[in-house]
Amino acid sequence: MQRYLIEPSKVDARMVHHEHTFSFGDKGGLLDECGFLRNPRWVQGLKTLEDVANERGAVIIAESGLGKSHIAREFAGEKGGEAVLFVDVQEYRGDPSALVAAICEAQDKQYICLDGLDEAPELASAIARGFGMLPSSVKRLIFSRGIPELRQFTANDALPMYSLLPLTQADVISLAKDAHVDGKSFLGEVTAKGLGPVCAKPLECGALLEMFKAGNGLRGNCDELRKRMILHLCAENEKDPRRYSSSAAVSPEMCFSYAKKIALILKLSGLSVIKRMDEMPPVSGAVDFAQYGDLFEVSTFDRILLRGLFLPIGADRFRFAHITYFDYLAAHGLMECVAQKNWREILMNGEGMVYPQWENAVAWVALKDEEIYNAVFTRQPELLLNSEAASV
């Protein structure tokens with residue numbers, strides 16, 4: 001399979017490269033000690049995302065936090081609704097027929113842009129059916145983390161695969177300038193803390209800049225920094241404050257506590273969509289949290305869904321604003337709510353392999369359990385080495 005690189009700069013200048021794959025540990029010399037690319041344009045043969053999309057479409061993969069969903073939405077927004085149909089795949093969990101019907105609405109579009117397949121991999125066959133009903137003139141773009149289900153779209157080079165690169169040092173300095181932060185000072189503290197691989201992700205870079213700008217610096221290890229990021233989102237104003245104006249305020253700490261339990265329940269259920277507790281009837285593909293009334297107070301539960309940690313996806317349904325928050329909170333929810341002797345049984349199968357839904361969360365747990373750490377490092381070391389928890 002041919003793989004490409006794509007540089008996460010502005011959407012109209014997304015760059016791709018043919019037949020090379022790099023990671024934070026690449027031996028080709030393109031990466032420095034911080035984990036940023038020195039200059040991806042040293043590589044020859046770059047093309048723009050626009051060029052790639054106009055050829056026949058593509059599968060674009062990236063680690064969590066590198067901005068693939070943002071790119072997908074921006075690309076669709078820049079092209080406009082007349083040219084692009086944007087589909088958030090995970091909104092159709094439990095209803096593959098509705099997903100096929102949604103894809104078929106792209107019959108007269110120039111592009112169809114799908115995001116979130118990695119959150120609902122069981123819908124891959126439905127996507128394939130929908131694609132089969134579209135004329136060849138419709139360019140297909142799939143944005144996802146790397147999952148086995150993508151093979152049916154890239155087999156025999158049906159769609160080329162691209163990898164999204166982390167931020168360059170120049171990108172970080174530019175983002176710092178936009179945030180009115182001294183880029184060199186910020187980059188220096190990032191380097192000193194060993195946070196390069198974390199800051200190389202646009203989502204994390206933005207959060208770290210917010211902390212740095214607040215005057216508190218980048219105190220604490222990666223675990224503590226992640227908690228501070230999430231508490232910041234928990235403190236955001238509710239999106240509809242009038243709805244609960246007569247209720248007692250909900251503190252960021254209470255929001256954080258509820259979020260850990262919500263994330264754990266979602267992981268254990270294999271779902272990612274949350275329904276408000278005061279809404280009936282149950283929603284297909286969403287966890288019915290009404291059955292957990294002993295863990296949550298209804299009005300508090302429904303209020304925290306209006307904070308910045310959560311993203312509304314229509315019809316009183318929500319999901320975590322980003323998968324990295326979901327994974328971190330689920331791991332900490334597990335460690336707080338489940339006896340340690342049961343962690344391994346929940347995280348791993350009988351052959352010592354981590355269950356897919358826990359692959360991006362297990363590193364946080366492994367830091368607290370030597371047996372789990374050794375088991376994961378023996379069979380799937382990449383789950384530890386590629387995690388931001390490795391910077392702790």
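Residues numbered from 1 in each chain as written. Predicted model: local features only at pLDDT ≥ 70, side-chain atom pairs only at ≥ 80, totals over all residues. Heavy atoms only, no water.

1. Examining the overall build of the chain
For the chain, the helix and strand inventory stands at 17 helices and 12 strands. Of all intrachain contacts in the chain linking residues separated by at least 6 positions in sequence, the fraction that spans at least 24 positions is 70%. Within the structure as shown, the chain displays about 17,600 Å² of accessible surface, and the carbon and sulfur contribution to it stands at 50%. (Helix = DSSP H or I, 4+ residues; strand = E, 2+ residues; numbered from the N terminus. Contact = heavy atoms within 4.5 Å. Areas by Shrake-Rupley, 256 points an atom, 1.4 Å probe, with all protein chains shown as cover.)

2. So, helix 3 (residues 96-104)
When helix 3 is considered as a whole, its buried residues turn out to be Leu 99, Val 100, Ala 102, Ile 103 and Cys 104. Close packing links the buried residues of helix 3 with strand 5 (84-88), strand 6 (111-115) and helix 4 (124-132). (Buried < 20%, exposed > 50% of the residue type's maximum accessible area, 1.4 Å probe, protein only.)

3. Details of a nonpolar patch on the surface
There is a patch of nonpolar side chains on the surface, built from Tyr 373, Phe 377 and Leu 385 and spanning about 300 Å² of accessible area. Relative to the helices and strands, Leu 385 resides in helix 17 (residues 382-385). (Patch = residues over 30% accessible without salt bridge, like charges linked within 9 Å, V, L, I, M, F, W, Y side chains within 5 Å. Salt bridge = Lys/Arg side-chain N within 4 Å of Asp/Glu carboxyl O.)

4. Let's talk about the nonpolar core
Counting residues in each nonpolar core, the largest one holds 52 residues, and the members touching the most others are Ile 262, Ile 274, Phe 289, Leu 309 and Phe 320. Leaving out residues up to four positions away in the same chain, Ile 262 has contacts with Ile 274, Phe 289, Phe 296, Phe 301, Ile 304, Phe 310 and Phe 320. Counting residues in hydrophobic clusters, the runner-up holds 27 residues, among them Val 87, Ala 106, Leu 114 and Phe 131. (Core = buried A, V, L, I, M, F, W, Y, C linked by side-chain atoms within 4.5 Å.)

5. Notes on the confidence of the model for the chain
With 80% of its residues at a pLDDT of 70 or more, the chain has an overall mean of 78. When the criterion is pLDDT under 50, residues 1-46 qualifies, and its contacts beyond four places in sequence or with other chains add up to 121 contacts. Contacts for the low-pLDDT stretch residues 240-247, under 50 throughout, to residues beyond four places or in other chains number 12 contacts. (pLDDT = per-residue confidence, 0-100.)

6. Considering helix 16 (residues 370-379)
For an α-helix, the turn length of 3.6 residues means that residues three or four places apart are oriented alike. Among the residues of helix 16, those classed as buried are Ile 372, Ala 375 and Val 376. Considered in projection along helix 16, the buried side chains sweep an arc of 95° and stay on one side of the axis. Exposed residues lying more than 90 degrees from the buried face of helix 16 are Glu 370 and Thr 378. Looking at the buried side of helix 16, the elements it contacts are helix 14 (343-347), helix 15 (362-366) and helix 17. (Arc of directions from axis to C-beta.)

7. Description of the packing of aromatic side chains
With the rule as written, the count across this model stands at 12 aromatic pairs. An angle of 40° between the planes, with centres 5.1 Å apart, marks the rings of Phe 289 and Phe 301 as tilted. Within this pair, whereas Phe 289 is found in the loop between strand 10 (286-287) and helix 12 (298-304), its partner Phe 301 is found in helix 12, the two being separated by 12 residues in sequence. Both residues of the pair, Phe 289 and Phe 301, belong to the buried class. For the ring pair Phe 296 and Phe 301, a centre distance of 5.1 Å and an interplane angle of 65° mean the geometry is edge-to-face. Each member of the pair, Phe 296 as well as Phe 301, carries the same accessibility label: buried. One cation-aromatic arrangement involves Arg 140 over Phe 131; the distance from NZ or CZ to the ring centre is 5.4 Å. (Phe/Tyr/Trp six-rings, centres within 6.5 Å; stacked < 30°, edge-to-face > 60°. Lys NZ or Arg CZ within 6 Å of the ring centre and 35° of its normal.)

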